[in-house]
Amino acid sequence: MIIDPRTGLLDVARQLPSPNCDDRSAGDLRLIVIHNISLPPGKFEGNAVDRLFTNALDPTEHEYFAQIAGLKVSAHLLIRRGGDIVQYVPFHRRAWHAGESCYQGRVACNDFSVGIELEGADDIPYTEEQYVQLTRAVACLIRTYPTLSAEHIVGHCDIAPGRKTDPGPSFRWDYFGSMLAEHLHE
């Protein structure tokens, strides 16, 4: 797994550019935010997440889609249940994933973070393939961007408490942390 620092693209990811991004200050990556998403909620098949992040979600397809179809949101990566990775936004650009947020006194986390979505829900266990790919992607990010570190990885719930709950209680932070520590020391 390799990130081209010039383009901000991950070599193993399927590239599906989102219009929901913009420029950020150069070299201002400090934080990795882990999210979850499933559309409709609790469903893991189909391409609804791709369509949401590319402004192509049909609001008539599902009653939940009618509520969110107008949102302009994105993430840098989505890791599907089987481990496939989709990249919507190059890492050097600002994805619109955090919303109203604050980390260590600094607001607007989109300005200085990478957003990684796991296909899932708060109360459904994530797959082994997702932990493996998340570990590989985060280690690759840390190696490529020296301003990122294992000490600054949080859940969406940590930067938007009371508003967001993901990645939820089913995310095994200790397991992910030990996998990442091993991967970074290889």
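Residues numbered from 1 in each chain as written. Predicted model: local features only at pLDDT ≥ 70, side-chain atom pairs only at ≥ 80, totals over all residues. Heavy atoms only, no water.

A. Structural view of the side chain of serine 113. Tracing the backbone through its elements, the reader meets serine 113 in strand S11 (residues 113-119). For serine 113, a relative accessible area of 0% translates into the label buried. From its side chain, serine 113 meets the backbone oxygen of cysteine 109 in a polar contact 2.7 Å long. Every residue in contact with serine 113, bar those within four places of it in the chain, is listed here: Arg24, Leu29, Leu31, Val33, His76 and His97. (Helix = DSSP H or I, 4+ residues; strand = E, 2+ residues; numbered from the N terminus. Buried < 20%, exposed > 50% of the residue type's maximum accessible area, 1.4 Å probe, protein only. Polar contact = N/O pair within 3.5 Å; in protein donor to acceptor, adjacent residues only side chain to side chain. Contact = heavy atoms within 4.5 Å.)

B. Spotlight on unusual backbone geometry. In this chain, leucine 39 is followed by proline 40 through a cis amide linkage whose omega measures -15°. Mapped onto the elements of the fold, proline 40 is located in the loop between strand S5 (31-37) and helix H1 (48-53). For the bond from aspartate 166 to proline 167, the omega torsion is 10°, close enough to zero to count as cis. The topology assignment puts proline 167 in the loop between helix H4 (156-159) and helix H5 (173-184). In this model, asparagine 55 sits at a positive phi of 60°, which is unusual for a non-glycine residue. When you line up the elements, asparagine 55 lands in the loop between H1 and helix H2 (63-68). With a relative accessible area of 32%, asparagine 55 lands in the partly exposed category.

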